[in-house]
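Report on the structure
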Amino acid sequence: MRRSLIFAVALCVFTVCAHADQITLKNGDRLTGNIVKSDDKTLLIKTELSGDVNVQWDAVTSIVSSQNLHLGLKDGQVVVGRVTTTDGTFNVTTATTGTVEAPKPTVVVVRNDDEQKSYDAEIDRLRNPHLLDFWSALLDTGLSTTSGNSSTLNFTLAAKAARVTERDKISVYATAVYSKEDNTSPSQTTAHAINGGIRGDFNLNPKVFAFGFTDFQYDAFQHLDLRNVLGGGLGYHVINTKNTQLDVFGGGDFNQEYYGSYIDNAGAFVPSLTRKSAEINLGQTLNTKILNGRTVLTEAFAVFPNVSTDGDFRFTLDISAATKLKNWLSWQVTFSDRFTNYPQPGLVDNDTILSTGLRLTFGKGKF
């Protein structure tokens, strides 16, 4: 009876070991379980008694697997099969090319079948993303009020959403400014403007990209009911690193402007006006991290010479700096300038905004 019990226990142990992976460490310890994955720092093995165990990759001297493992090598090859170890060299028994030797220093990643499937699915998602993948967004707010001898309300709101992949970039953006003075009766609105648009960039190669955009603008104090610009062109990635992106671009667009009628400061009636014209667009964008990466500086400048009316032009300038307080929260300062050298009669040619406040960030993608 005792011999039968011992034999049964031994058989169970042998069966478990035969269907498990085993790693040996420099100090002689051995761990048995299912190898999940490793990189050049740690190896994850799922054991029956201790659950998930992470060990230092440098401490691993031997691997014996009962399952197929995917070994990624420094030269980009991936070798698949069951693994044994001889004198620090992994011997991979493959299904097609027999046994392949892979010295440990040449192995950069190890994955089991499930991890490899997940990795392949993520790579496919990165290369062929769906339209709703990889979106990130930010929301900038600025608010100031006064009371007593003066009673004012000033509010700015800016939002941007972007979807950035290796092949293309889609940006959606909007800015609203509102200001009111309550010292007079009735109260007076002193600023009311809304800007927004959509832009798409498509990389033709690692340096050159094509782009298209449409912008919308409303400004009550320019009596601008709507400006709609539809355009596109080509651009060049001057700098494209992890911390800094600098692009230059140029192209053309069609500008439609609809102005309402009003009474100017001299009491003269100014009739409504519709203006449609072709423009050249030239500009650049900069996005860079400074101060050890805690502050993000963004800048965009574009000038639009009018080719339908000689001498007319306009430009836009946006600069912002946001310092991270938490991963999702920053303090931002933003300056914007909208200039046109052909304003309506009695109006100035320049509108600027300087605001500061909180920035909320959603998602982990680029902008």
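Refer to the preceding data block for the structure.
So, a few notes on the structure that sits alongside this text.

Thresholds applied
Residues numbered from 1 in each chain as written. Predicted model: local features only at pLDDT ≥ 70, side-chain atom pairs only at ≥ 80, totals over all residues. Heavy atoms only, no water. Pairing = 2+ DSSP bridges. Helix = DSSP H or I, 4+ residues; strand = E, 2+ residues; numbered from the N terminus. Patch = residues over 30% accessible without salt bridge, like charges linked within 9 Å, V, L, I, M, F, W, Y side chains within 5 Å. Areas by Shrake-Rupley, 256 points an atom, 1.4 Å probe, with all protein chains shown as cover. Salt bridge = Lys/Arg side-chain N within 4 Å of Asp/Glu carboxyl O. Lys, Arg positive; Asp, Glu negative; His and termini not counted. Charge placed at Lys NZ, Arg CZ, Asp CG, Glu CD. Core = buried A, V, L, I, M, F, W, Y, C linked by side-chain atoms within 4.5 Å. Buried < 20%, exposed > 50% of the residue type's maximum accessible area, 1.4 Å probe, protein only. Contact = heavy atoms within 4.5 Å. Axes fitted to C-alpha atoms, helices over the stretch in contact; angles between N-to-C directions. Phe/Tyr/Trp six-rings, centres within 6.5 Å; stacked < 30°, edge-to-face > 60°. 1 Å grid on protein atoms, 1.4 Å probe; cavity = no way out; pocket = protein on both sides within 12 Å on 5 of 7 lines; lining within 4 Å. Points joined across faces, edges and corners; volume = space filled by probe spheres on them. Nonpolar A, V, L, I, M, F, W, Y, C, P; charged D, E, K, R; others polar.

1. With respect to the pairing of strand 11 (residues 135–146)
- Here strand 11 pairs with strand 12 (residues 152–164) via 12 bridges, running antiparallel. Each bridged residue has a counterpart across the sheet, and for Leu-139 the counterpart in strand 12 is Ala-159.
- Judged from the 4 bridges that link them, strand 11 and strand 24 (residues 350–362) form a sheet pairing that is antiparallel. Bridge assignment links Asp-140 to a residue of strand 24, and that residue is Arg-359.

2. As for a positive patch on the surface
- The grouping of Lys-242, Lys-289, Arg-294, Lys-324 and Lys-366 at the surface amounts to a positive patch.
- Considering the arrangement of structural elements, one finds Lys-324 in strand 22 (residues 313–326).

3. Regarding the nonpolar core
- Of all hydrophobic cores here, the largest spans 20 residues; its most connected members are Ile-23, Ile-35, Leu-43, Trp-57, Ile-63, Leu-71 and Val-107.
- When contributions to this core are tallied by element, the ones reaching two or more residues are strand 1 (21–25), strand 3 (42–47), strand 4 (51–56), strand 5 (60–64), strand 6 (69–73), strand 7 (78–86), strand 8 (89–93) and strand 10 (107–112).
- It is strand 6 that provides the largest number of residues to this core, a total of 3 residues.
- Apart from the residues within four sequence positions on either side, Leu-71 is in contact with Gln-77, Val-78, Val-79, Val-83, Phe-90, Val-92, Val-107, Val-109 and Val-110.
- Of all hydrophobic cores here, the second largest spans 7 residues; its members include Phe-209, Val-229, Phe-249 and Ala-302.

4. A few points about the sheet that holds strand 20 (residues 273–290)
- Spatially, the 12 strands close up into a barrel ordered 11-12-13-14-15-16-17-20-21-22-23-24, and their pairing is antiparallel. Neighbour-to-neighbour, the strand axes of the sheet open up by a mean angle of 20 degrees, direction not taken into account.
- Here 11 bridges tie strand 23 (residues 329–340) to strand 24, and the two strands are oriented antiparallel to one another. Looking across to strand 24, one finds that Asp-337 is bridged to Thr-352.

5. Examining the packing of aromatic side chains
- Applying the stated criterion to the full structure yields 7 aromatic pairs.
- Measuring from centroid to centroid gives 5.3 Å for Phe-211 and Phe-249, while their planes differ by 70 degrees, and the two rings are edge-to-face. In this pair, Phe-211 sits in strand 15 (residues 208–219) while Phe-249 sits in strand 17 (residues 244–259), placing the two residues 38 residues apart along the sequence.
- On the basis of relative accessible area, Phe-211 is assigned to the buried category, the value being 7%.
- Consider the rings of Phe-315 and Phe-339, whose centres lie 5.1 Å apart with planes at 20 degrees: the pair is stacked. In this pair, Phe-315 sits in strand 22 while Phe-339 sits in strand 23, placing the two residues 24 residues apart along the sequence. An identical accessibility class is assigned to Phe-315 and Phe-339; each is buried.

6. Points about the pattern of salt bridges
- According to the stated counting rule, one finds 11 salt bridges in the structure shown.
- Between Arg-314 and Glu-279 there is a salt bridge, with the nearest N and O atoms lying 3.0 Å from each other. Within this pair, whereas Arg-314 is found in strand 22, its partner Glu-279 is found in strand 20, the two being separated by 35 residues in sequence. The two residues Arg-314 and Glu-279 agree in class, both being buried.
- Between Asp-318 and Arg-338 there is a salt bridge, and its shortest N-O distance comes to 3.2 Å. One end of the pair, Asp-318, is in strand 22; the other, Arg-338, is in strand 23, with 20 residues separating them in the sequence.
- Residue Asp-318 is classed as partly exposed on the basis of its relative accessible area of 26%.
- If you follow the salt bridges from partner to partner, you end up with Glu-122, Arg-125 and Asp-133 in one network.

7. So, unusual backbone geometry
- We note that Asp-87 has phi near 50 degrees; this positive angle belongs to a residue other than glycine.
- Assignment of secondary structure puts Asp-87 in the loop between strand 7 and strand 8.
- You will see that Phe-134, though not glycine, has its phi angle at about 65 degrees, which is positive.
- Relative to the assigned elements, Phe-134 resides in the loop between helix 2 (113–127) and strand 11.
- Residue classification places Phe-134 among the partly exposed residues on the basis of a relative accessible area of 22%.

8. Points about empty space enclosed by the protein
- Enumeration over the complete set of coordinates arrives at 1 cavity of 30 Å³ or more.
- Considering the residues around the largest cavity, the lining is formed by Gln-217, Gln-222, Arg-227, Arg-314, Phe-315, Thr-316, Arg-338, Phe-339 and Thr-340.
- Where the lining of the largest cavity is concerned, the elements lending two or more residues are strand 22 and strand 23.
- By residue class, the composition of the lining of the largest cavity is 2 nonpolar, 4 polar and 3 charged.

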